[in-house]
Each structure stands twice: as structure tokens, then as C-alpha cells.
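Take a look at the letters that make up each chain.
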Amino acid sequence: MRANTYAIPIRTTMLGLLGVALIALGGMGAGAILERDPLLAQVGLSWLRYGHGRDLASMVLYLGLGLVIWAWVRLGRLVRWGEIGDFAVLVAVTVWTLPLLFAPPLFSKDIYSYLAQGQLALSGYDPYEVGPAVLQSTLSENVSWVWQHTPAPYGPLFILIAKAIVWATDASVILGVVAMRFSLAGGLVLLCWALPGLSRHLGGKSAVALWLVAANPLLLIHLVGGAHNDLLMIGMMAAGVLLVLDRRHVLGFVLLGLAFSVKATAVVIVPFLVWIWAARLEGDKRARFRRALLPGLAAFLGAFLACTLVAGVSLGWIPALRSSSMIINWLSLPSAVGDFARMVVNWFVYVDGGIFIAVARGIGSVVLIWIAYTQWWAARDGEVRDNVRRGALTMLAVALLSPATLPWYFSWPLALAAGFAWGTGALVTVSLASVFLLLVTFPNGDTALYSWGYLFFALVVSALAARSLVKPDPFGLSTRYE
């Protein structure tokens, strides 16, 4: 069926809008709220932060989550049936994003760390040497205790953005949150621009790609609502990959250098793109590789060094990447294996659990390096689809085998792979995983990964959502689906 180019599913779009509005409303009491919220106090709503008020806010927020998931699945069915195209998905993404730009931080307190790191740089401190605790400011008091003494693990471009926002908002927490969200939303714009082009090169449908990534509640709620800089990184990364595939190689590598200057993960795809560029040149394989590698590195490193010089910072953020190892959860396969081994051994004899985690993570790092190398070497013929596919698989391996993994990390490989042709089974699997990963964090930012009863409920909801993608009325209760 040919999609009506400008058809918009009004009810589905409005259903999602109602959902995000309820999430934003419930987030006032149940989200990652401020230690002291002058705005709520001024309007007499401080009661939402405590006791029954917080319970009510949580109910409203979770009702909104359910509506957003429902709307996303409905939108996905329409995309799969060919009844709507890119325009309808982009309208839905826009409408569903707007309320989240002004919502309290949701499912994470990381945005407070971002702002505090910007204030560190603005105050003359090196954010790669000291943590937010040295500030003793309104911004730093809202940073999670885990990161109070941790240097920033983010690149110079992001520190520069955070510094500018703190300066422009005069270190206001509320204005800073909104300004940071608008800055990061630039990544969503780049992503929406890049996905149709990537689909053109990779053989998929652009509307499916946009639905699978840009409209995905995992991305909207966690990366927009939670305001993670991963959004800016994956937007720049996707746009950089598209530019390389469109033979605008130098500009593509410059943009990838900027993405790396936000978050280091963007570097993973770069070696695969060098092979693509090399395959388009004349001469023997080694000569072509050198002729692609040298200008590619110059463009990539040039952009990164320019950001470093303008930001006036050192390379201290690279060793600071180790700080994420403080996070231990079972989404990281090495951490899960190490923690399980610790539990089993401690049934019989007590042994410090750190040993098991360290060994498992060490093995995981070796396996990750092996996967990355073998995938890169297998991509040396430079065939576009094969190289991007292998790059996405390597990015998935990075998310799974890193010492620490958080739910939104899986948006990295999804942004690269969305442009491929997806079968029904694969779409159902990704839908299930997306909804489950969305739900495994509590709205205040605490992990739900060890609340087993809650996780069972989350899995049931995820399975129902995935089933509904291919069977509009999974319980057989109605003959009307949309």
C-alpha cells in the first residue's frame, strides 16, 4: 500500500501528546526533582514531592508512559502497513518532544552533573580534575552523590556547551535544564535529517527508521526527558555517517570529530568509514587505505583539537572515562557475570566481590577488542551496507561489554542500524527491548534492575506492546483497532 505523503494519524498523535504531557506533569513530583524547588513552592505544589502527593504524581507519570507506549505502537502499525510516511512520523516526534523540553528531569539526574561541570569550567576549575562537590552551589547540590567527586568524562565540545549554558542562564538550575534540553535537541534534529538518507543507502524504509529511533519512547523519554548528551552524539554521528556515504567524506569526518568531542563512543564507527572511503579510490588496497586514512584522521582530529583549544581544556576527560565503572548492573554482561560469580562463591566462602567484577570486566574488554578488530578487518572491502552493519554490531558490543551499561546506551547501535530493511521478527524484538529498557529505571533516576517483581511487570508490558505491533487487538476484545 502506498502511503499518503501528508496523512497524519490525529488520534494516535494526540494520544502520544497526552502521554508526554502527563509524564511532564507527574515528573514535577516523581521525577529527578530538585533538592529545593522554588517554582513548586511559589505555586503551592510542594506537596507533590512527598507522601501521597508523590504517589499521585507517580501514578500520573506511569499512566503517561502507558499512553506513549500505546501511541508509539499504533504509529508503528500504520508505518508497517504503509498508511503513513515520513511526514506523519516527524509530526509525531515534534509534538511528543515539545512538552518534554520543559519537563523536570526524568529518569536521571545526569543533567545536574552536566550543568555543574559547566559551572566548574566557568569558575576556573578544570572539570577533568575535580568533581562538582568543590562548588558548593545550587547546581552542585542537586548532583547525585555518586558523581559529586567525579571528574567529567565528556569531551571538550560538550564542556563548552555546558559552560555557555551556565553563563547564559546565570547558573539557574531550572533555566539551565531547559536550555540544555534545547541544545541537546539539536541532535534529534540531525537524527531526523540523517535517517531518511541512511535508509536510502542501506535499503530500508525511511518512515520505519524514523519510527524505530526518533519516535521511540526509549529515546524520547530517556534522551530528551532525561536530557542525556548521547542524543547530541548520536545525531552528529548519524549525520556524519550519512555525509560519508554521500561522498562528502571530509565534512563527514569533521562531524564525527565533533560527535567524539561530545562523547567518546562516536569513534567506534570511524574505522569502518575509512574502508568505505578507500574503496572509492583508485590504486592498490594499501595505497587507497592510506589515501583515505590520512585526510580522514586530519578532519576527525582537527575538529576534536579545535574544540579542545576553544574550550581551553586538557585531555583529562579520556582517563576520566574510567569513572563509569562505578556503575554495576546486569545490563553490562561482564558486570552481570562477575556479580553472579561473586554471589555463587559467597554461598560457600566470603570473597571480596570486587575481584570477580574486575576479572569479568577484564575478560569482557578483551572480547570487545577482539570483536571490534574482527568486524573491522572483515569490512575491508568497503561495501557500504556491510560496513555500516558491522559498525552497528560493534557499537552493540560496546554497549553490552562495557564495564557499565545504561538503558539508553542501546540507542547508539539503533541509530546506525535503523536504515536497514527490518523484518517483522526483528521489529518485534526491538520493540520489546525498547519498552523494557525504557521501564527498567525509576522516574527519580534510581535503577529498577534489581526489583524483580517490578521487572516481571515491565517484561509483561513490553511483550504486550511488541505483540500489539503485529496483532492490533491481542486480547480479541474489539474489531476496531485505530
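Residues numbered from 1 in each chain as written. Predicted model: local features only at pLDDT ≥ 70, side-chain atom pairs only at ≥ 80, totals over all residues. Heavy atoms only, no water.

Undergrad: Even after reading the chapter, I still don't get the overall build of the chain, so can you show me in this structure?
TA: Scanning the chain for helices and strands turns up 20 helices and 0 strands. By the compact-globule yardstick of 23 Å for 482 residues, the chain fits well, its C-alpha radius of gyration being 22 Å. Looking at the chain as a whole, 56% of its 482 residues are labelled buried. In the chain, 74% of the contacts between residues at least 6 apart in sequence involve partners at least 24 apart. Here the chain displays about 20,400 Å² of accessible surface, and carbon together with sulfur accounts for 68% of that area. Averaging the locations of the 32 positively and 22 negatively charged side chains of the chain gives two centres separated by 9 Å. (Helix = DSSP H or I, 4+ residues; strand = E, 2+ residues; numbered from the N terminus. Rg over C-alpha atoms; globule rule 2.2 N^0.38 Å. Buried < 20%, exposed > 50% of the residue type's maximum accessible area, 1.4 Å probe, protein only. Contact = heavy atoms within 4.5 Å. Areas by Shrake-Rupley, 256 points an atom, 1.4 Å probe, with all protein chains shown as cover. Lys, Arg positive; Asp, Glu negative; His and termini not counted. Charge placed at Lys NZ, Arg CZ, Asp CG, Glu CD.)

Undergrad: Looking at this model, I keep getting lost on the domain arrangement of the chain. Mind explaining?
TA: Interface extent is often summarised as the accessible area lost during association of the parts. Each domain of the chain was delimited in the assignment, giving domain 1 (1–104), domain 2 (108–327), domain 3 (329–405) and domain 4 (425–481). Taking only C-alpha atoms into account, the centre of domain 1 sits 25 Å from that of domain 2. Between domain 1 and domain 2, the residue contacts involve 28 residues of the former and 29 residues of the latter. At the junction of domain 1 with domain 2, the criterion picks out 0 salt bridges. Viewed at the interface, domain 2 and domain 1 are joined by 8 residue pairs in polar contact (both at pLDDT 80 or more). If you list the elements that add at least two residues to the side of domain 1 that touches domain 2, you get helix 3 (51–80) and helix 4 (86–101). The leading source of residues in the side of domain 1 that touches domain 2 is helix 4, at 8 residues. (Domains from an automatic or database assignment. Salt bridge = Lys/Arg side-chain N within 4 Å of Asp/Glu carboxyl O. Polar contact = N/O pair within 3.5 Å; in protein donor to acceptor, adjacent residues only side chain to side chain.)

Undergrad: Quick question: what am I supposed to make of the packing of aromatic side chains here?
TA: Tallied over the entire structure, the rule returns 20 aromatic pairs. Here Phe260 and Phe300 contribute two aromatic rings whose centre-to-centre distance is 5.4 Å and whose plane-to-plane angle is 45 degrees, an arrangement assigned as tilted. Taken together, the positions of Phe260 in helix 11 (residues 249–260) and Phe300 in helix 13 (residues 285–311) put the pair 40 residues apart, joining distant regions of the chain. Judged by centre distance (6.0 Å) and plane angle (85 degrees), the ring pair of Tyr450 and Trp452 falls under edge-to-face. Tyr450 sits in the partly exposed class, given a relative accessible area of 36%. One aromatic cluster is present, built from ring pairs that chain together Trp275, Phe289, Tyr373, Trp376 and Trp377. (Phe/Tyr/Trp six-rings, centres within 6.5 Å; stacked < 30°, edge-to-face > 60°.)

Undergrad: Can you walk me through the pattern of salt bridges in this structure?
TA: Oppositely charged side chains can form a pair if their charged atoms are brought close together. Scanning the model with the defined rule gives 6 salt bridges in all. For Asp230, the salt bridge identified is with Lys263, shortest N-O distance 2.9 Å. One end of the pair, Asp230, is in helix 10 (residues 230–245); the other, Lys263, is in the loop between helix 11 and helix 12 (270–279), with 33 residues separating them in the sequence. Relative accessible area serves as the criterion here: at 1%, Asp230 is assigned to the buried category. The exposure class assigned to Lys263 is buried, which follows from its relative accessible area of 10%. Taken together, the shared-partner salt bridges in this structure form one network comprising Asp386, Arg389 and Arg390.

Undergrad: Would you explain the packing of helix 12 against helix 13 in this entry?
TA: Two packed helices can be described by the angle between their axes and the distance between those axes. At a minimum axis separation of 8 Å, helix 12 and helix 13 run at an interaxial angle of 130 degrees. The orientation of helix 12 relative to helix 13 falls into the category oblique. Note that helix 12 runs across helix 13; the crossing there is right-handed. Residues Val270, Val274, Trp275, Trp277, Ala278 and Ala279 of helix 12 touch helix 13, and the partners they reach there are Arg288, Phe289, Ala292, Leu293, Pro295, Gly296 and Phe300. (Axes fitted to C-alpha atoms, helices over the stretch in contact; angles between N-to-C directions. Parallel < 35°, antiparallel > 145°, perpendicular 65-115°, else oblique. Left-handed = near helix turned anticlockwise from the far one by under 90°.)

Undergrad: Help me understand the side chain of Asn329, please; the structure alone is not making it clear to me.
TA: Its place among the elements puts Asn329 in the loop between helix 14 (317–320) and helix 15 (333–345). Assessed through its relative accessible area of 6%, Asn329 is described here as buried. Within the local environment of Asn329, its side chain forms a polar contact with the backbone oxygen of Thr405, the two atoms lying 3.0 Å apart. Residues in contact with Asn329, not counting those within four places in the same chain, are Ser335, Ala336, Thr405, Leu406, Leu449 and Tyr450.

Undergrad: How do you make sense of the packing of helix 5 (residues 110–122) against helix 6 (residues 156–168) when you look at a structure like this?
TA: Viewed as axis vectors pointing N to C, helix 5 and helix 6 meet at an angle of 85 degrees, and their least axial separation amounts to 7 Å. Taken as axis vectors, helix 5 and helix 6 run roughly perpendicular relative to one another. Taken together, the residues of helix 6 that come into contact with helix 5 (itself represented by Tyr114, Leu115, Gln117, Gly118, Gln119, Ala121 and Leu122) are Phe158, Ile159, Ala162, Lys163, Ile165, Val166 and Trp167. Looking at the contact of helix 5 with helix 6 residue by residue, the class counts come to 10 nonpolar, 3 polar and 1 charged. (Nonpolar A, V, L, I, M, F, W, Y, C, P; charged D, E, K, R; others polar.)

Undergrad: In this structure, what is going on with the nonpolar core? I would like to understand it.
TA: Side chains of nonpolar character tend, in soluble globular proteins, to be buried together. Among the nonpolar cores identified, the biggest contains 160 residues, and Met180, Leu188, Trp211, Leu219, Ile234 and Phe253 are the most heavily contacted of them. In contact with Leu188, other than residues within four places in its own chain, are Val93, Thr97, Ala214, Leu219, Leu220, Val224 and Leu231. (Core = buried A, V, L, I, M, F, W, Y, C linked by side-chain atoms within 4.5 Å.)

Undergrad: Could you clarify how one ought to interpret a nonpolar patch on the surface in this entry?
TA: A cluster of nonpolar side chains, contributed by Tyr6, Ile8, Ile10, Met14 and Phe87, occupies part of the molecular surface with about 510 Å² of accessible area. Tracing the backbone shows Met14 in helix 1 (residues 10–30). (Patch = residues over 30% accessible without salt bridge, like charges linked within 9 Å, V, L, I, M, F, W, Y side chains within 5 Å.)

Undergrad: Where do I start with helix 3 in this structure?
TA: Every α-helix carries 3.6 residues per turn, so stepping three or four residues along brings you back to the same face. Helix length check: helix 3 (30 residues) gives 44 Å between terminal C-alpha atoms against 44 Å at 1.5 Å per residue, within 8%. One or two positions beyond helix 3, positive phi appears at Gly82, with a value near 80 degrees. (Expected span 1.5 Å × (residues − 1).)

Undergrad: What should I look at first to understand the side chain of Ser332 in this one?
TA: Summarising the element assignment, Ser332 is placed in the loop between helix 14 and helix 15. Accessibility expressed as a relative area gives 0% for Ser332, which makes it buried. Once you skip the residues sitting within four places of it in the chain, Ser332 turns out to touch Leu400, Ser402, Pro403, Ala404 and Thr405.

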